[in-house]
Amino acid sequence: MKTVTEIRPIKWDPRRKRLILLDQTLLPGEEVFREYQDPAEVAAAIRDLVVRGAPAIGCAAAFGVVLAALGCAGEQPLHSEACIRGAMAEFRATRPTAVNLFWAIRRMEGLLAACPDPDKIPMILETEAIKIYEEDLAACRSIGDHGAGLVPEGARVLTHCNAGGLATAGYGTALGVIRSAHRQGKIRMVWVDETRPVFQGARLTAWELLREAIPATLITDSTAGSLIASGKVDFIVVGADRIASNGDVANKIGTYPLSVLADRHGVPFVVAAPLSTFDPGIASGEEIPLETRDPGEVTGFKGVTWAPEGMPALNVAFDVTPASLVSAIATEKGILKPPYPAAIASLLR
Ligand code: MRU
C-alpha cells in the first residue's frame, strides 16, 4: 500500500534559522514552500492566507517572533526588547479572530519579560516556538482520537472550511477526528463544503482527503441543507477560531447555519479544538472580534471577477455558533459536554 507523508505546512530550519511555509494560496494546483527570514513578511503571509487556520497562525507567529528576536539581537538591550515587542504588535494586528495567535504571542512575551540575559532571548524564544509547534501536533492527534469516539459506525460526516493538517502543525482538529475515525473504519463518506468565499473546503480539505484516499465528496455550501434534511449526514464536525467561556464558538462563516440545520434535523454537531483556542477572557461569543476581509474575495477569486464592476460586497470571515447548538467539543484532554461554562472552567483550571 502506498504510504502518504503527513502534511506539515510549517517547518523551522534550526540551522539556518528560517521559517518555511507551504503557500496555501496556491493549493491544490501547486505545492510551493516559501522561506522566511523577515518577520514583516511572516505577518504578511498570515494576513494573505499563505498560512491560515487558528493553530497554524499561532505557530507561524511564534516563529515570526523568533525571527524578530534574531534580527533585533545585538542592539542595546532596551532597544532589542522594544524591537521584539514591535514585531509582536505587528503579528497581533494581522488577523483578529483566531485567539491562538494572541495566546502564542503571550507565551513568547512572558519569556521575553522574564529573561534576565538579553543575549539568551533568541535561543529561549526559539525553544518556546518549537514547543508550541510540537504541543499543537500532539494536541491534534489526541483531539482526533478523542473525537473519533463520537463518530458512529459507517458515518457520513460533513465538515466546513479546512481544519486539517494544513490549519495546524499537522493532523488537524476536525480533520483529525475524521482521520482517526477513518483509521477505525468508521467513515463511509466525508461531505466537504466548498466554503465560500476563498474555498478552503474545495481547495484544501479536498486536497487533504484525496491524497489520503479518505472517501469524500465536494458540495456547494448551499447543498448542505437539503443533504442534512434528506438524512444523508450522520455527523458534523468543524474546527474553531475562538471559544468563549460559555462555549460559544467562532469559526469560518457558514458554520452557524450548519449548527441550526443540525439542531433542526437531530444531527450531532461537534467542534474540535485544542485548549489554545479557548478564550477564558471573554464571557460569550458577543465579545469575539469577527474579521472582515477584502470584498474582492466575494466579487471574484484569483483574478477572475464575476460581480459587476462597482458592486459592493460584505466579507465577514467568521460567524458565532451559540453553545446551545454545540453537541460536544473534542479537545486534547477529552470530550466536553454541556453545560459548557462549568466544563470549560474545569478544563482550563
Ligand atoms: O480564514 P481561515 O482559513 O484561517 O479560517 C480557518 C477556520 O475557520 C478553521 O475552521 C479554524 O481556524 C480551525 S483550524 C484547526
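What you see is a predicted model, and the numbers here were worked out from it, not measured in a lab. (Residues numbered from 1 in each chain as written. Predicted model: local features only at pLDDT ≥ 70, side-chain atom pairs only at ≥ 80, totals over all residues. Heavy atoms only, no water.)

### As for the site of the ligand
Right, on to step 1. Taken together, 17 residues surround the ligand, and among them R52, A54, R95, N251 and K252 come closest.
Right, on to step 2. Between the ligand and A54 there is a distance of 2.8 Å, counted from an oxygen atom to a backbone nitrogen or oxygen.
Right, on to step 3. Protein coverage of the free-state accessible area of the ligand, which is 410 Å², stands at 99%.
Right, on to step 4. The cavity where the ligand resides is the largest cavity.
Right, on to step 5. Of all the secondary-structure elements, those providing two or more residues to the shell around the ligand are α2 (54–72) and β9 (249–252).
Right, on to step 6. Each residue belonging to the shell around the ligand can be placed in one class, and the counts come to seven nonpolar, six polar and four charged.
Right, on to step 7. Viewed by domain, the shell around the ligand spans two of them, domain 1 (10–140) and domain 2 (152–348), each represented by three or more residues. (Near = heavy atom within 4 Å. Polar contact = N/O pair within 3.5 Å; in protein donor to acceptor, adjacent residues only side chain to side chain. Areas by Shrake-Rupley, 256 points an atom, 1.4 Å probe, with all protein chains shown as cover. 1 Å grid on protein atoms, 1.4 Å probe; cavity = no way out; pocket = protein on both sides within 12 Å on 5 of 7 lines; lining within 4 Å. Sits in = over half its atoms within 2 Å of the grid points. Helix = DSSP H or I, 4+ residues; strand = E, 2+ residues; numbered from the N terminus. Nonpolar A, V, L, I, M, F, W, Y, C, P; charged D, E, K, R; others polar. Domains from an automatic or database assignment.)

### Some remarks on the environment of P274
Right, on to step 1. In this structure, P274 sits in the loop between β10 (269–272) and β11 (278–279).
Right, on to step 2. On the basis of relative accessible area, P274 is assigned to the buried category, the value being 2%.
Right, on to step 3. Along the primary structure P274 and C140 are separated by 134 residues, whereas in three dimensions their C-alpha atoms are 7.1 Å apart.
Right, on to step 4. Other than its neighbours up to four places away in sequence, P274 contacts P55, N100, D136, A139, I143, T173 and E332. (Buried < 20%, exposed > 50% of the residue type's maximum accessible area, 1.4 Å probe, protein only. Contact = heavy atoms within 4.5 Å.)

### Notes on the pattern of salt bridges
Right, on to step 1. This model, assessed by the stated rule, comprises 20 salt bridges.
Right, on to step 2. With a shortest N-O distance of 3.6 Å, D117 and K120 are connected by a salt bridge.
Right, on to step 3. Judged by its relative accessible area of 26%, D117 is partly exposed.
Right, on to step 4. Taking relative accessible area as the criterion, K120 reaches 40% and is therefore assigned partly exposed. (Salt bridge = Lys/Arg side-chain N within 4 Å of Asp/Glu carboxyl O.)

### Here's the deal with the layout of surface pockets
Right, on to step 1. As a volume, the second largest pocket reaches approximately 260 Å³.
Right, on to step 2. Every residue lining the second largest pocket is counted, 13 residues in all, and those nearest its centre are T25, D48, L49, V198 and E297.
Right, on to step 3. For the lining of the second largest pocket, the residue count by class is three nonpolar, two polar and eight charged.
Right, on to step 4. The residues that make up the lining of the second largest pocket include at least three from each of domain 1 (10–140) and domain 2 (152–348). (Points joined across faces, edges and corners; volume = space filled by probe spheres on them.)

### Overview of the domain arrangement of the protein
Right, on to step 1. Examined at the domain level, the protein breaks down into domain 1 (10–140) and domain 2 (152–348).
Right, on to step 2. Centre-to-centre, using C-alpha coordinates, domain 1 lies 25 Å away from domain 2.
Right, on to step 3. Taken together, the contact between domain 1 and domain 2 spans 29 residues of the former and 34 residues of the latter.
Right, on to step 4. Across the interface of domain 1 and domain 2, roughly 2,500 Å² is buried in total on both sides, 56% from carbon and sulfur atoms.
Right, on to step 5. Per-residue buried area on domain 1 facing domain 2 is highest for R52, T97 and C140; these three make up 25% of the total on that side.
Right, on to step 6. Scanning the region where domain 1 abuts domain 2 turns up one salt bridge.
Right, on to step 7. Note that E291 is salt-bridged to R95, the shortest N-O span being 2.9 Å.
Right, on to step 8. For the pair domain 1 and domain 2, the number of links is 16 residue pairs in polar contact (both at pLDDT 80 or more).
Right, on to step 9. The set of elements that each furnish at least two residues to the side of domain 1 that touches domain 2 consists of α2, α4 (99–114) and α5 (121–148).
Right, on to step 10. Sorting elements by how many residues they give to the side of domain 1 that touches domain 2 places α5 first, with five residues.
Right, on to step 11. Taken together, the residues of the side of domain 1 that touches domain 2 sort by class into 18 nonpolar, five polar and six charged. (Buried area = accessible area lost by both parts, 1.4 Å probe.)

### Regarding the nonpolar core
Note on soluble globular proteins: their nonpolar side chains tend to be buried together.
Right, on to step 1. Formed by 42 residues in total, the largest nonpolar core has its most connected members in I10, L19, L21, I84 and M108.
Right, on to step 2. Of all elements in the fold, only β1 (10–13), β2 (18–22), α1 (39–47), α2, α3 (77–92), α4 and α5 reach the threshold of two or more residues within this core.
Right, on to step 3. In terms of residue count, α2 provides more of this core than any other element does, 13 residues in total.
Right, on to step 4. Contacts of L21, omitting those with residues within four sequence positions, involve P9, I10, V32, F33, R34, Y36, A45, V50, V51 and A60.
Right, on to step 5. Listed in part, the 28 residues of the second largest apolar core include I219, A273, V326 and I329. (Core = buried A, V, L, I, M, F, W, Y, C linked by side-chain atoms within 4.5 Å.)

### Regarding the packing of α4 against α5
Right, on to step 1. One way to put it is that α4 packs onto α5 with a least axis distance of 10 Å and a crossing angle of 150 degrees. Taken together, the axes of α4 and α5 lie roughly antiparallel to each other. Regarding α4 and α5, the two cross each other, and that crossing is right-handed. In this structure, α4 contributes W103, A104, R107, M108, L111 and L112 to the contact, and α5 contributes I121, I124, L125, E128, A129, K131, I132 and E135.
Right, on to step 2. A class-by-class count of the residues in the contact of α4 with α5 yields ten nonpolar, no polar and four charged. (Axes fitted to C-alpha atoms, helices over the stretch in contact; angles between N-to-C directions. Parallel < 35°, antiparallel > 145°, perpendicular 65-115°, else oblique. Left-handed = near helix turned anticlockwise from the far one by under 90°.)

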